[in-house]
Amino acid sequence: MESGMEEIPVKVAVRIRPLLSKEVLHNHQVCVRLVPNRQQIIIGKDRVFTFDFVFGKNSTQKEVYTVCIKPLLVSLTEGYNATVFAYGQTGSGKTYTIAGGHVDQHPPCYNLLSG
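Residues numbered from 1 in each chain as written. Predicted model: local features only at pLDDT ≥ 70, side-chain atom pairs only at ≥ 80, totals over all residues. Heavy atoms only, no water.

**Student:** I keep staring at the pairing of strand E3 (residues 40–43) and nothing clicks. Help me out?
**Tutor:** Regular strands show a simple pattern: their side chains alternate between the two faces of the sheet. As paired strands, strand E2 (residues 32–35) and E3 are joined by four bridges and run antiparallel to one another. Note that in E3 the partner of arginine 33 across the bridge is isoleucine 42. The turn linking E3 back onto strand E4 (residues 47–50) is made up of three residues, and glycine 44 within it adopts a positive phi angle of 70°. (Pairing = 2+ DSSP bridges. Helix = DSSP H or I, 4+ residues; strand = E, 2+ residues; numbered from the N terminus.)

This is the structure:
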C-alpha cells in the first residue's frame, strides 16, 4: 500500500426477509435465526455466522438505510468512494432490501442520487 493511503474495510450486512406469501401457504419454515444482542445469525441447527450488521425480518427500510447507507452518502459528499452491493441467490431478498418489497418502485435513496 502506498504511503498516506488509508485502508478502508468492507462492511457486510445481512437482512433476513420475512417468508413470502407462497412460502407461508406451502408451510415453509424459517431456517435463519438471529442471535439476540449479537451481530450473528444461525442457519439450520448450529451454523453460526457473524456480520458487521444484522437486520431481522421486522427491520424497516429506514433502519437499514440509516445504519448502512446514510453514512456512505455522507462520505460521498466528502469525496470518498462508496459502493452498495446486494448479493444472494434468487429469492433471497435482494429486491426486498433494495426496493422495500415493492418491485415497481425505486429504492428510497433513488431520488437523492438521480437529482
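Once you've had a look at it, read on.
**Student:** How should I be thinking about the environment of phenylalanine 49 in this particular structure?
**Tutor:** Within the fold, phenylalanine 49 resides in strand E4. Judged by relative accessible area, which is 31%, phenylalanine 49 ranks as partly exposed. Sequence separation of phenylalanine 49 and valine 35 is 14 residues, and the distance between their C-alpha atoms is 9.7 Å. Sequence-distant contacts of phenylalanine 49, that is, excluding residues within four places in its chain, are made with Gln39, Gln40, Ile41 and Ile43. (Buried < 20%, exposed > 50% of the residue type's maximum accessible area, 1.4 Å probe, protein only. Contact = heavy atoms within 4.5 Å.)

**Student:** Whenever I open this one, the UniProt feature "binding site: ATP" (unreviewed entry) in the protein chain confuses me. Can you help?
**Tutor:** The feature "binding site: ATP" (unreviewed entry), as given by UniProt, occupies Gly88, Gln89, Thr90, Gly91, Ser92, Gly93, Lys94 and Thr95 in the numbering adopted here. Along the chain, the position of threonine 90 falls in the loop between helix H2 (61–77) and helix H3 (94–99). On the basis of relative accessibility, which here comes to 77%, the residue threonine 90 falls in the exposed class. Here glycine 93 lies in the loop between H2 and H3. The exposure class assigned to glycine 93 is buried, which follows from its relative accessible area of 14%. (UniProt positions renumbered as here; feature names shortened; annotations may be inferred.)

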